[in-house]
Every structure is written in structure tokens, then in C-alpha cells.
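Chain by chain, the residues run as shown.
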Amino acid sequence: MARNKHPEETVNLILDVATRLFMEKGYEHTSIQDIIDNLGGLSKGAIYHHFKSKEDILVAVTDRMTEESNRVLESIRDRTDLTGREKLKTIFKESILRPVQNDIFTTAPNLGNNPRLLYSIFSETVNEAAPGYIQPIIEQGIADGSIRAEYPAELAQLIILTANIWTNPMIFDDSAEESYRKFVVFRQMMEGFGLDIVDDEMMDRLQELASIYQKNK
């Protein structure tokens, strides 16, 4: 019975069920009661013992989806066979093309209606992604001559905030066409910095993800 599982197994069961329901019904149309009804006897109290809200469940679902992907991004950052500019392009391409993005954009809520989640993404982008992934790559690029930048920390924040926030249809509820136009501007901005890191394959993939979100919201 679900109620007799160890805490880790209980959490995994909740996340498994929530992931399936978010995929099938969408985050906005899935209630805590829907999750409870599919847990084989687990009580509402047991859920709230591990998660404070449906938003907390979504954060945990997303974290689990991206855990392996983050390890891949770390491995790209730490490679010794690429220049800084090559790493920057590779890390963006891997981020966009990885299959888990389909699941993320399928289950995602409208973040404009979820200020707590929106702040969490903003904070993670500025405090973790920019200094943890992008800035070290820019600094390497400055050292090896493949990137020209006077303020690597600020450039890292600009790049990742534009990519993760401004072009994110989950925040601005952009259509696929509106998202595509933003991607064009992002590409032009990067080229203005001498960083040809967005190619046609990535542009097509970004538009595909925007379409997935609009279809499943």
C-alpha cells in the first residue's frame, strides 16, 4: 500500500503521478485532489507532509526532469577541447535540443499567473545559471581570444536572462510566431557581441517548443 512506503518512495510516487497528470491534463487543469485520487490510498496529509503546494510539486517534477541535463551542461563547461565561444554555442544547443524540454513545455503552467514560480526561475537564472555555467565560459573565451567582453559577469546575466526570461513563452504567453521573432532578435543581439551561437536548427527547435507549450497550456 502507498501509505506504508518509505518517505523517498512516497515522494517518488507523488512525482510520478503528478508528472503523468501534468502531461495528460496540463498543470493548470490538475488539482491536488486529482493527484490524490491516483495515489492508491495515499492521503492528502501525506502529500502535504512532503509538499506545501501544487507549485512545490511542479518545482520537484521539473528538478527531477532537468537533473541529468544539468550534469551534461556541467560536462560541457568543463571540457578542455573547445574554445569559450564553442562551449557557449554547445551549451545553448544542448539546453534547447535535449528531449526533456518537450516534457517541460508540455507540463508547464503560465508563469505569469504564478509569481512564486516566476521569481524562482528568475533567481535561479541570476544566482546559479549565469555565474555557474555562462560566466566561466565567457571568461575562458576572453582568455583564449574567442570572446571579446569587458564585463563577463554582466554579459553572462544579459545572455541568460534574455534566453531564459524574455524569450520564454511560459512567461509572456507568446505564440510560436511571436516567440520566433524574439529568437531572431536574440540571435541578432548575440551576433552583435560577435557570438554566432544561435543557428537555424536551434531557431526551429525554439519555435517547436513554443508550439508545444501553446498546444498544451
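Data block above holds the structure.
Residues numbered from 1 in each chain as written. Predicted model: local features only at pLDDT ≥ 70, side-chain atom pairs only at ≥ 80, totals over all residues. Heavy atoms only, no water.

**Considering a nonpolar patch on the surface**
Item 1. Side chains of Trp166, Phe172 and Val185 sit close together on the surface and give an oily, nonpolar patch of about 270 Å² of accessible area.
Item 2. Summarising the element assignment, Phe172 is placed in helix α9 (residues 169-172).
Item 3. Residue classification places Phe172 among the partly exposed residues on the basis of a relative accessible area of 42%. (Patch = residues over 30% accessible without salt bridge, like charges linked within 9 Å, V, L, I, M, F, W, Y side chains within 5 Å. Areas by Shrake-Rupley, 256 points an atom, 1.4 Å probe, with all protein chains shown as cover. Salt bridge = Lys/Arg side-chain N within 4 Å of Asp/Glu carboxyl O. Helix = DSSP H or I, 4+ residues; strand = E, 2+ residues; numbered from the N terminus. Buried < 20%, exposed > 50% of the residue type's maximum accessible area, 1.4 Å probe, protein only.)

**Overview of the environment of Glu201**
Item 1. Mapped onto the elements of the fold, Glu201 is located in helix α11 (residues 200-216).
Item 2. Between the C-alpha atom of Glu201 and that of Ile35, which follows or precedes it by 166 residues, the distance is 37 Å.
Item 3. For Glu201, the residues in contact, after removing those within four places along its chain, are Lys93 and Leu97.
Item 4. A polar side-chain atom of Glu201 sits 3.2 Å from a polar atom in the side chain of Lys93. (Contact = heavy atoms within 4.5 Å. Polar contact = N/O pair within 3.5 Å; in protein donor to acceptor, adjacent residues only side chain to side chain.)

**Things to note about the pattern of salt bridges**
Item 1. Within this structure, the stated rule accounts for 13 salt bridges.
Item 2. Notably, a salt bridge pairs Lys182 with Asp174, separated by 2.9 Å at the nearest N-O pair. Residues Lys182 and Asp174 agree in their burial class; the two are buried.
Item 3. Glu177 is the partner of Arg181 in a salt bridge, and the nearest nitrogen-oxygen pair spans 3.5 Å. Pair noted here: Arg181 and Glu177 are both in helix α10 (residues 176-192), with a separation of four residues, about one helical turn.
Item 4. Looking at Arg181, the relative accessible area reads 44%, which means it is partly exposed.

**Let's talk about the layout of surface pockets**
Item 1. In this structure, the largest pocket spans a volume of roughly 1200 Å³.
Item 2. Along its surface, the largest pocket is lined by 42 residues, and Arg98, Gln101, Ile121, Glu124 and Asn164 are the ones closest to its centre.
Item 3. Broken down by element, the residue count for the lining of the largest pocket peaks at nine residues, all from helix α7 (residues 115-144).
Item 4. A per-class count over the lining of the largest pocket returns 27 nonpolar, eleven polar and four charged. (1 Å grid on protein atoms, 1.4 Å probe; cavity = no way out; pocket = protein on both sides within 12 Å on 5 of 7 lines; lining within 4 Å. Points joined across faces, edges and corners; volume = space filled by probe spheres on them. Nonpolar A, V, L, I, M, F, W, Y, C, P; charged D, E, K, R; others polar.)

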